[in-house]
Amino acid sequence: MSENSIITLTRRIKLCRASSGVINTLAPVTHVAFGDGGVDSGGTPIAPQESQTALINEIARYPVGSIQYPSETAARYSATIPKEDLADQFISEAALIDSDGDAVAIKTMYAKQKDKGTAFTFEFDDEF
C-alpha cells in the first residue's frame, strides 16, 4: 500500500485474532465509504493514520459491486456511486468497510469532483 493508503489497526487486530484462532471468521468487506476530508487546505492528500476508525468526513457509503484479484495477495473492490448521487461533491477519501461496520482500510487522494448525471466507479486495492 502507498503512503496514502493504510490497513487500519482494527483490521490488523482482527487478522491477528483470526490467525491465532481466537476468532473463527474474519468479517468480509461489504461496502466502500466515501468522504471529502482527505486533503489539506492546499488540496494535498493527508496521509491516513493506522489508528483511524473512520473517514475524516464520510459523506456516503455504497455496497461493493465486484471483487477481482489482480494478484494472489490483493483484492480489488469496486463500488459505484449512482449518477443521481453526490452531484458536485469533491471526494478525497475512501474506506473499505467490513460486515461488522468497521473501517479496515483507508485511502486518501486528490479531490475528484463527482459530476451531475455521471456514475462514478471507484476501485480500491486491499493488499496483503
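Residues numbered from 1 in each chain as written. Predicted model: local features only at pLDDT ≥ 70, side-chain atom pairs only at ≥ 80, totals over all residues. Heavy atoms only, no water.

1. Re the overall build of the protein
When its secondary structure is counted, the protein shows 1 helix and 8 strands. Ordering the α and β elements of the protein from the N terminus gives β-α-β-β-β-β-β-β-β. For 128 residues, the compact-globule estimate of 2.2 N^0.38 gives 14 Å, and the protein sits close to it at 15 Å. Taken over the C-alpha atoms alone, the protein extends approximately 45 × 30 × 25 Å along its principal axes. In the protein, once contacts between residues fewer than 6 apart in sequence are set aside, the share between residues at least 24 apart is 69%. Summed over all atoms, the accessible surface of the protein reaches about 7,000 Å², with 48% contributed by carbon and sulfur. Averaging the locations of the 11 positively and 18 negatively charged side chains of the protein gives two centres separated by 2 Å. (Helix = DSSP H or I, 4+ residues; strand = E, 2+ residues; numbered from the N terminus. Rg over C-alpha atoms; globule rule 2.2 N^0.38 Å. Contact = heavy atoms within 4.5 Å. Areas by Shrake-Rupley, 256 points an atom, 1.4 Å probe, with all protein chains shown as cover. Lys, Arg positive; Asp, Glu negative; His and termini not counted. Charge placed at Lys NZ, Arg CZ, Asp CG, Glu CD.)

2. Details of the packing of aromatic side chains
For the coordinates displayed, the defined rule picks out 3 aromatic pairs. Between the aromatic rings of Phe34 and Tyr62, the centroid separation amounts to 6.2 Å while the plane-to-plane angle is 55 degrees, which identifies the pairing as tilted. Here the residue Phe34 occupies a position in strand 2 (residues 29-35), and Tyr62 occupies one in strand 3 (residues 58-63), the gap between them amounting to 28 residues. For Phe34, a relative accessible area of 0% corresponds to the buried category. Among the aromatic residues, those joined into a cluster by ring pairs are Phe34, Tyr62, Phe122 and Phe124. (Phe/Tyr/Trp six-rings, centres within 6.5 Å; stacked < 30°, edge-to-face > 60°. Buried < 20%, exposed > 50% of the residue type's maximum accessible area, 1.4 Å probe, protein only.)

3. Some details on the side chain of Asp126
Residue placement: Asp126 occurs in strand 8 (residues 120-127). Among the polar contacts listed, one links the side chain of Asp126 to the side chain of Arg11, at a separation of 3.0 Å. (Polar contact = N/O pair within 3.5 Å; in protein donor to acceptor, adjacent residues only side chain to side chain.)

4. Describing the pattern of salt bridges
Applying the stated rule across the entire model yields 7 salt bridges. Between Arg11 and Asp126 there is a salt bridge whose closest N-O contact spans 3.0 Å. Taken together, the positions of Arg11 in helix 1 (residues 9-19) and Asp126 in strand 8 put the pair 115 residues apart, joining distant regions of the chain. Of the two residues, Arg11 and Asp126, both sit in the buried class. Glu50 is the salt-bridge partner of Arg12, the closest N and O atoms lying 3.0 Å from each other. Taken together, the residues Arg12 in helix 1 and Glu50 in the loop between strand 2 and strand 3 connect sequence positions 38 residues apart. Given the relative accessible area of 36%, Glu50 is considered partly exposed. Bridged by salt links that share partners, the residues Lys14, Asp98, Asp100 and Asp102 form one connected network. (Salt bridge = Lys/Arg side-chain N within 4 Å of Asp/Glu carboxyl O.)

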